[in-house]
Amino acid sequence: MIYKFFWALRAFLYAPFFGKIQFPTYIGKPVIIKGSRKIFIGKYVRIYPQVRMETHGENGVIKIQDDVSIGQNVHITSSSNLVIGKSTTILANVFITNIDHDYEEIGVHILKQKYIIKETQIGENCFIGIGACIQAGTILGKQCVVGANSVVKGAFPDYSVIVGSPARIVKRYNISNQNWDRTHPDGTFLDK
């Protein structure tokens, strides 16, 4: 647990270079932080080693709300406003973005083509499994669960269990019977 002391010290030393870091928060040794002035981190945030966070362009912002845990080797990149809701857990090797690269100009390297920016938001109290990819244009409602290695794109309602590649809803919390019930891929409940 002594390493957490050093991670808290790192967060304290990094604070002047970020848009905002609230304490207590701790940060393991990152791989890269690009555009740190546009990264805002709430209280009780735990960021494990080898994280890569990047903001691009004048509108790129990353907002990590309170009580978020971000595992090892997570890559978060933003060219607009990307929000990770409070009390969310993100396991290792996850990729989260609001950027797609255009590819339609023949003979032009993809990295030299324009960005296609689509709103991406992670709701409160979500759980994102190891190796998941949250693509540009994804909106996760409150308390969504994303399965390991899922490739997620689109809007998903509160209390959804999302799995697969491409990801689809397999369960949702049913308020009427207070159970997690199986669903069709579009999120409508199965008839019993």
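Check the entry above for the structure.
Everything in this summary refers to the structure shown in the same document. All figures in this text were calculated on a predicted structure; none of them were measured in a lab.

Definitions and cut-offs
Residues numbered from 1 in each chain as written. Predicted model: local features only at pLDDT ≥ 70, side-chain atom pairs only at ≥ 80, totals over all residues. Heavy atoms only, no water. Helix = DSSP H or I, 4+ residues; strand = E, 2+ residues; numbered from the N terminus. Rg over C-alpha atoms; globule rule 2.2 N^0.38 Å. Buried < 20%, exposed > 50% of the residue type's maximum accessible area, 1.4 Å probe, protein only. Contact = heavy atoms within 4.5 Å. Areas by Shrake-Rupley, 256 points an atom, 1.4 Å probe, with all protein chains shown as cover. Lys, Arg positive; Asp, Glu negative; His and termini not counted. Charge placed at Lys NZ, Arg CZ, Asp CG, Glu CD. Patch = residues over 30% accessible without salt bridge, like charges linked within 9 Å, V, L, I, M, F, W, Y side chains within 5 Å. Salt bridge = Lys/Arg side-chain N within 4 Å of Asp/Glu carboxyl O. Polar contact = N/O pair within 3.5 Å; in protein donor to acceptor, adjacent residues only side chain to side chain. Phe/Tyr/Trp six-rings, centres within 6.5 Å; stacked < 30°, edge-to-face > 60°. Pairing = 2+ DSSP bridges.

Side note on the overall build of the protein
For step 1, the next point in the chain: From N to C terminus, the protein includes one helix and 24 strands.
For step 2, the next point in the chain: In terms of overall size, the protein behaves like a compact globule, its C-alpha atoms giving a radius of gyration of 18 Å where 192 residues would be expected to give roughly 16 Å.
For step 3, the next point in the chain: Its C-alpha atoms give the protein principal-axis dimensions of about 55 × 50 × 25 Å.
For step 4, the next point in the chain: Within the protein, the proportion of its 192 residues that are buried is 42%.
For step 5, the next point in the chain: Considering only contacts within the protein whose residues lie at least 6 apart along the sequence, 16% involve residues at least 24 apart.
For step 6, the next point in the chain: For the protein, the exposed surface amounts to about 10200 Å²; the carbon and sulfur share of it is 56%.
For step 7, the next point in the chain: Taking the average place of the 22 positive charges on the side chains of the protein and the average place of its 14 negative ones, the gap between the two points comes to 9 Å.

Quick word on a nonpolar patch on the surface
For step 1, the next point in the chain: A contiguous nonpolar surface patch, about 760 Å² in accessible area, is contributed by Ile2, Phe5, Phe6, Leu9, Phe12, Leu13 and Phe23.
For step 2, the next point in the chain: Tracing the sequence through the fold places Phe12 in helix H1 (residues 2–14).
For step 3, the next point in the chain: By relative accessible area, which is 54% here, Phe12 ends up exposed.

Observations concerning the side chain of Gln113
For step 1, the next point in the chain: Here Gln113 shows up in the loop between strand S13 (99–101) and strand S14 (115–117).
For step 2, the next point in the chain: Of note is the side chain of Gln113, whose polar atom sits 3.2 Å from the backbone nitrogen of Glu104.
For step 3, the next point in the chain: Contacts of Gln113, omitting those with residues within four sequence positions, involve Asp102, Tyr103, Glu104, Glu105 and Val108.

Overview of the pattern of salt bridges
For step 1, the next point in the chain: On inspection of all chains with the given rule, the structure shows four salt bridges.
For step 2, the next point in the chain: Between Arg52 and Glu54 there is a salt bridge, with its nearest N and O atoms 2.5 Å apart.
For step 3, the next point in the chain: Taking relative accessible area as the criterion, Arg52 reaches 35% and is therefore assigned partly exposed.
For step 4, the next point in the chain: Between Lys153 and Asp100 there is a salt bridge whose closest N-O contact spans 3.4 Å. One end of the pair, Lys153, is in the loop between strand S20 (151–152) and strand S21 (155–156); the other, Asp100, is in strand S13, with 53 residues separating them in the sequence.
For step 5, the next point in the chain: Beyond isolated ion pairs, a larger network of salt bridges with shared partners links Asp100, Lys118 and Lys153.

Observations concerning the packing of aromatic side chains
For step 1, the next point in the chain: Inspection of every chain in the model, using the stated rule, returns eight aromatic pairs.
For step 2, the next point in the chain: Relative to Tyr173, the ring of Tyr159 has its centre 6.1 Å away and its plane inclined at 65°; by these criteria the two rings are edge-to-face. Linking Tyr159 in the loop between S21 and strand S22 (160–164) with Tyr173 in strand S23 (residues 167–174), this pair joins segments that are 14 residues apart in sequence.
For step 3, the next point in the chain: Residue Tyr173 is classed as partly exposed on the basis of its relative accessible area, which comes to 25%.
For step 4, the next point in the chain: Of the aromatic side chains, those joined through ring pairs into one cluster are Trp7, Tyr26 and Tyr48.

Here we look at the pairing of S22
For step 1, the next point in the chain: Looking at chain direction, strand S19 (residues 145–146) and S22 are connected through two bridges and run parallel. In the strand pairing of S22, Val145 is matched with Val161.
For step 2, the next point in the chain: Note that S22 and S23 share five bridges and pair antiparallel. Paired with Gly164 across the bridge in S23 is Ala167.
For step 3, the next point in the chain: Hairpin connection, S22 to S23: the antiparallel pair is bridged by two residues.

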